[in-house]
Amino acid sequence: MSSPSGPSAGRVAVVCGVGGYVPPGIVTNEDLTARLDTSDEWIRTRTGIAARHVVDPGTATSDLAVEAGRRALKSAGESQADAVVLATTTPDQPCPATAPHVAAQLGLTGAAAFDVSAVCSGFLYGLAAASGLIASGTAERVLLIAADAFTTIIDPEERTTAVIFADGAGAVVLRAGTADEPGAVGRIVLGSDGEHHDLIEVPAGGSRQRSSGIPPEPGEEYFRMRGRDTYRMAVEHMTTVSQQAVESAGWRMEDVDRLAAHQANARILTAVGDRLGIPDERRLSNIERVGNTGAASIPLLLAQAAEEGRLTAGQRVLLTAFGGGLAWGSTALVWPDVAA
Amino acid sequence: MSTMLDQLKEILVSKLKVTAEQVVPEATHEELELDSLAVVELSLVLEQELGIKISDDELLEAPTIGDMVALMDERSAKV
């Protein structure tokens, strides 16, 4: 008979590599004002965004994911992983999943590979899935990538979303380790509210619309979001779930050295940071230069902050996200000694 | 005890970067530079700090600060 807690008791996932990637194309606010009825001031005051990276024609989510994954593996000093988890809202195709293709491109053919669909909370849902693979003994090493070519589902003529959303990817490598190590992933607090599934959505293109036999109305194939309701829900849920994650980790809010929140909108980030009582200098942010990159947002932020020395080994980091679903999540961890 | 206008002024100044002199009963959203997200934030803060529930739609439909104060008086009387 095995021990009551099983053969992998005490095994937890530990972050041991991080990497981020944005495509080279840049769209500035000035570029947008040339084709949309908006202004640099309007975009900056409403969103805090000055520029965003966008894919070139023909570039897919997997191309972004492969580059971020390669960088995270290099950061970990590894070439192997026995599972690849890809969080994305914009898969290369409706079927099959994009993760197996990403794994193959990275020379990881044969590894377990699947996609996670949780929109802007995808990285935290993916982290929970990856942690579970390790805790259960299913995998020793997991490459978790979050990537979105979000601009591919944005109506270029819709000024409220076209100014916010952008493309990018971020990744972490997780290995089996113990809970007392820096980088150990503890409890991840997750939640959802499908009563508000239509707050953030792409109405057409799925089985609901296809089985109706009714062609989509113009614009229904694009992403849409109700801005004011999204602001309210994001602020409330990100604040609450962050408080739960900090409590669950046995920390107090003043112990948090760095807040790494989904870079949804600078106004939301300010409202959440203020409510949590985390001072401005402890809030990581890159939204001004990369916009809202969907699922990629948190790991891209971690990679850039680590590279620039704003996130260093031993700092206590609070990760928090909210997005379509609705779905939200948060966790707290001690940042390990990894170079992006 | 402070008036409802004073309480609204305190919130607008401390949370929404409005200057105290701007907060007069006849001032409009535009004059205070309260955009739609600021009005949602105001709705959230009114509920958190004063326990007064007024939706962002209702606040947007109130043309002036004086109209917002009237809504706050009406809602707080029901609490």
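Here the structure is shown first, and the text comes after it.
One structure accompanies this document, and this report is about it.

1. A few points about the layout of surface pockets
Roughly 1200 Å³ of volume is contained in the largest pocket. Every element with two or more residues in the lining of the largest pocket is listed here: β5 (112-116), β9 (200-201) and α7 (207-212) of chain A. Broken down by class, the residue content of the lining of the largest pocket amounts to 16 nonpolar, 15 polar and six charged. When we break the lining of the largest pocket down by domain, the ones giving at least three residues each are domain 1 (12-177) and domain 2 (189-334) of chain A. Of the voids in this model, the second largest pocket is the one considered here, and its volume is about 840 Å³. Taken together, 28 residues make up the lining of the second largest pocket; nearest its centre are R267 of chain A together with K15, L16, K17 and A38 of chain B. Mapped onto the lining of the second largest pocket, the elements with two or more residues apiece are α2 (40-47) and α9 (266-276) of chain A together with α1 (4-16) and α3 (36-50) of chain B. Grouping the amino acids of the lining of the second largest pocket by side-chain chemistry returns 11 nonpolar, six polar and 11 charged.

2. Quick notes on the packing of helix α8 (residues 227-248) of chain A against α3 of chain B
With their axes 9 Å apart at the nearest point, α8 of chain A and α3 of chain B run at an angle of 45 degrees to one another. When the interaxial angle is binned, α8 of chain A and α3 of chain B end up oblique. Here the hand of the crossing between α8 of chain A and α3 of chain B comes out right-handed. Of the residues in α3 of chain B, those touching α8 of chain A at G227, R228, Y231, R232, V235 and E236 of chain A are S36, L37, V40, E41 and L44 of chain B. Tallied by class, the residues present in the contact of α8 of chain A with α3 of chain B amount to five nonpolar, two polar and four charged.

3. A word on the sheet that holds strand β4 (residues 83-87) of chain A
All names here are of chain A. Pairing within the open sheet is mixed, and its five strands lie in the order β1-β7-β6-β4-β5. Sheet topology places β1 (12-21) and β5 at the edges, where each strand pairs with a single neighbour. Each adjacent strand pair in this sheet contributes to an overall mean axis angle of 20 degrees, direction not counted. Strands β1, β4, β5, β6 (141-149) and β7 (167-177) of the sheet are contacted by helix α5 (residues 122-135), whose axis makes an angle of about 165 degrees with β6.

4. As for helix α11 (residues 297-307) of chain A
With respect to burial, α11 of chain A is a largely interior element, 10 of its 11 residues being buried. The set of residues buried in α11 of chain A consists of S297, I298, P299, L300, L301, L302, A303, Q304, A305 and A306 of chain A.

5. Some words on the pairing of β6 of chain A
All names here are of chain A. Where burial is concerned, most of β6 is hidden: eight out of the nine residues are buried. Bridge count for β4 against β6 is five bridges, and the pairing is parallel. Bridge pairing in β6 links V85 to L144. As defined by bridge partners, β6 adjoins β7 across nine bridges and the pair is classed as antiparallel. By the bridge assignment, A146 is partnered in β7 with G170.

What counts and what doesn't
Numbering of residues begins from 1 in every chain and follows the order in which that chain's sequence is written. Each chain gets a letter, beginning with A, and each ligand a number, beginning with 1, in the order they are written. Only residues with pLDDT of at least 70 get local features here, since the model is predicted, and only at 80 or more are side-chain atom pairs given and counted; chain-wide, interface and lining totals rely on the full set of residues. With hydrogens and water excluded, all non-hydrogen atoms of the structure serve as input to the side-chain values. Using only the protein atoms, space was sampled on a 1 Å grid; points where a 1.4 Å probe fits but cannot get out form cavities, open sets with protein on both sides within 12 Å along at least five of seven lines form pockets, and lining residues are those with an atom within 4 Å of a point. Grid points are joined across faces, edges and corners, and a volume is the space filled by probe spheres set on the points. To qualify as a helix, a DSSP run of H or I must reach at least 4 residues; to qualify as a strand, a run of E must reach at least 2; elements of each kind are numbered from the N terminus. Put simply, Ala, Val, Leu, Ile, Met, Phe, Trp, Tyr, Cys and Pro go in the nonpolar bin, Asp, Glu, Lys and Arg in the charged bin, and everything else, Gly too, in the polar bin. Note that domain bounds follow an automatic or database assignment of domains. Axis definition: a line fit to C-alpha positions, over the contact stretch in the case of helices; interaxial angles, taken between N-to-C directions, run 0 to 180 degrees. Any angle between 65 and 115 degrees counts as roughly perpendicular, while under 35 counts as roughly parallel, over 145 as roughly antiparallel, and the rest as oblique. In a left-handed crossing the near helix is turned counterclockwise from the far helix by less than a right angle, and in a right-handed crossing that turn is clockwise. The contact definition used throughout considers only heavy atoms, calling two residues in contact when any of these lie within 4.5 Å. DSSP bridges decide pairing: two strands pair if at least two such bridges lie between them. Accessibility here uses a 1.4 Å probe with only protein chains present; expressed as a share of the type maximum, an area under 20% marks a residue as buried, one over 50% as exposed, and anything in between as partly exposed.

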